[in-house]
Amino acid sequence: MIEENVKKLLKEIPETNPFGEKITLVAAVKLQTADSINCAICGGITDIGDNHVQEFRDKFDQIFGNPRRHFIGHLQTNKIKYLLGKVDLYHSVDRYNLAEELSKKSVQAGVISNILIQINIGNEETKGGFPLEEAEKAYKKISALPALNVEGLMAMLPFDCDEARLRCLAKAMREKNDELNAKGANFKYLSMGMSGDWKLCVEEGSNMIRVGTAIFGERNYNK
Ligand SMILES: *Cc1c(COP(=O)(O)O)cnc(C)c1O
């Protein structure tokens, strides 16, 4: 089932977004077993994204096929040490103190950490991230830190709004991406889109989507 879901999804995802950029599918694997994740990899998944450090550590050695590892969840600074050198891309750098600690610990460990700056595009209290208006300032401050390589922006669209508003927010993210690139940012990724909204995000210019439910089915939070 999981393998088929991945194959179907990979067929549905267009080769490129309207800006001619390739789209990377990251499987959002929170609460999934290593077996399920391995099934997804059999179906063609090359990138997996964890939300929880504990899960990331527990399953790390049970995942086959050497997928690229993403960290997409809220990260406490005292847990950075468990991820250093093992994560290919941190999507959720949502505050200065996290960026500073990640930089400091990366220097100590002798690694470069690739990161995305998370933007709270819907200005939601329940979500982390910088306000869109602060994106340039955040980019300047964070990219000046040693041992961090800022590869783009990440956002989660709100759940409870209509398509017109979602498009508007996704478009605003793409515009900010382009604006910072015009100023020399040289971003590789705009990480935006989940099971319910990835199509419209890609249409508006996302090139990296994080999909869980459409691959693994509804998550069981009671396990
Ligand atoms: C869980 C999660 C996803 C995937 O959500 P689905 O709706 O299950 O596709 C994407 N991004 C983040 C940050 C997540 O926590």
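In what follows, the structure referred to is the one given above.
A brief look at the structure comes next. (Residues numbered from 1 in each chain as written. Predicted model: local features only at pLDDT ≥ 70, side-chain atom pairs only at ≥ 80, totals over all residues. Heavy atoms only, no water.)

Pairs of aromatic rings are described using the distance from one ring centre to the other and the angle between the two planes. Scanning all chains against the criterion turns up three aromatic pairs. Residue placement shows Arg57 over the ring face of Tyr82; its charged tip is 3.7 Å from the ring centre. In this structure, Lys141 packs its charged tip against the face of Tyr96, placed 4.1 Å from the ring centre. (Phe/Tyr/Trp six-rings, centres within 6.5 Å; stacked < 30°, edge-to-face > 60°. Lys NZ or Arg CZ within 6 Å of the ring centre and 35° of its normal.)

Those residues of helix 5 (residues 135-143) not exposed but buried are Ala135, Ala138, Tyr139 and Ile142. One side of helix 5 holds all its buried residues, which, seen down the axis, span an arc of 100°. Structurally, helix 5 contributes buried residues whose contacts are with strand 4 (89-93), helix 4 (96-109), strand 5 (113-119), strand 6 (148-155) and helix 6 (163-182). (Buried < 20%, exposed > 50% of the residue type's maximum accessible area, 1.4 Å probe, protein only. Helix = DSSP H or I, 4+ residues; strand = E, 2+ residues; numbered from the N terminus. Arc of directions from axis to C-beta. Contact = heavy atoms within 4.5 Å.)

Within the structure, the ligand sits among Ala28, Lys30, Asn51, Ile72, Met156, Met194, Ser195, Arg210, Val211, Gly212, Thr213 and Arg219. Within the contact set of the ligand, an oxygen atom lies 2.8 Å away from a backbone nitrogen or oxygen of Gly212. Thr213 has a polar side-chain atom sitting 2.5 Å from an oxygen atom of the ligand. When the ligand is considered free in solution it has 390 Å² of accessible area, and contact with the protein chains removes 92% of it. For the shell around the ligand, the residue count by class is five nonpolar, four polar and three charged. (Near = heavy atom within 4 Å. Polar contact = N/O pair within 3.5 Å; in protein donor to acceptor, adjacent residues only side chain to side chain. Areas by Shrake-Rupley, 256 points an atom, 1.4 Å probe, with all protein chains shown as cover. Nonpolar A, V, L, I, M, F, W, Y, C, P; charged D, E, K, R; others polar.)

A complete count under the given rule lists 20 salt bridges for this structure. Across the pair Glu151 and Lys188 runs a salt bridge, and its minimum N-O distance is 3.0 Å. Remark: Lys188 occurs in the loop between helix 6 and strand 7 (189-192) and Glu151 occurs in strand 6; sequence separation between them is 37 residues. Look at Glu151 and you get buried, because its relative accessible area is 9%. Note that Glu204 and Lys171 form a salt bridge whose closest N and O atoms lie 3.1 Å from each other. Placement of the pair is Glu204 in the loop between helix 7 (198-203) and strand 8 (208-211) and Lys171 in helix 6, with a sequence separation of 33 residues. (Salt bridge = Lys/Arg side-chain N within 4 Å of Asp/Glu carboxyl O.)

In an α-helix, one turn spans 3.6 residues; hence positions three or four apart end up facing the same way. With 14 residues, helix 4 extends 20 Å from end C-alpha to end C-alpha; this agrees with the ideal 20 Å at 1.5 Å per step. Of all the residues in helix 4, the buried ones are Tyr96, Leu98, Ala99, Glu101, Leu102, Ser103 and Ser106. Where helix 4 is buried, its residues meet strand 4, strand 5, helix 5 and strand 6. Directly beyond the C-terminal end of helix 4, a positive phi value near 70° is found at Gly110. (Expected span 1.5 Å × (residues − 1).)

Alternating residues of strand 2 (residues 47-50) divide into Asp47 and Gly49 and Ile48 and Asp50, and every residue in both groups is buried. Pairing between strand 1 (residues 24-28) and strand 2: two bridges, direction parallel. In the strand pairing of strand 2, Ala27 is matched with Ile48. On the question of chirality, the crossover connecting strand 1 to the parallel strand 2 by way of helix 2 (residues 34-43) is right-handed. Between the parallel elements strand 2 and strand 3 (residues 68-71), the chain passes through helix 3 (residues 53-59) in a crossover that is right-handed. (Pairing = 2+ DSSP bridges. Right-handed = clockwise from strand over helix to strand, strands pointing away.)

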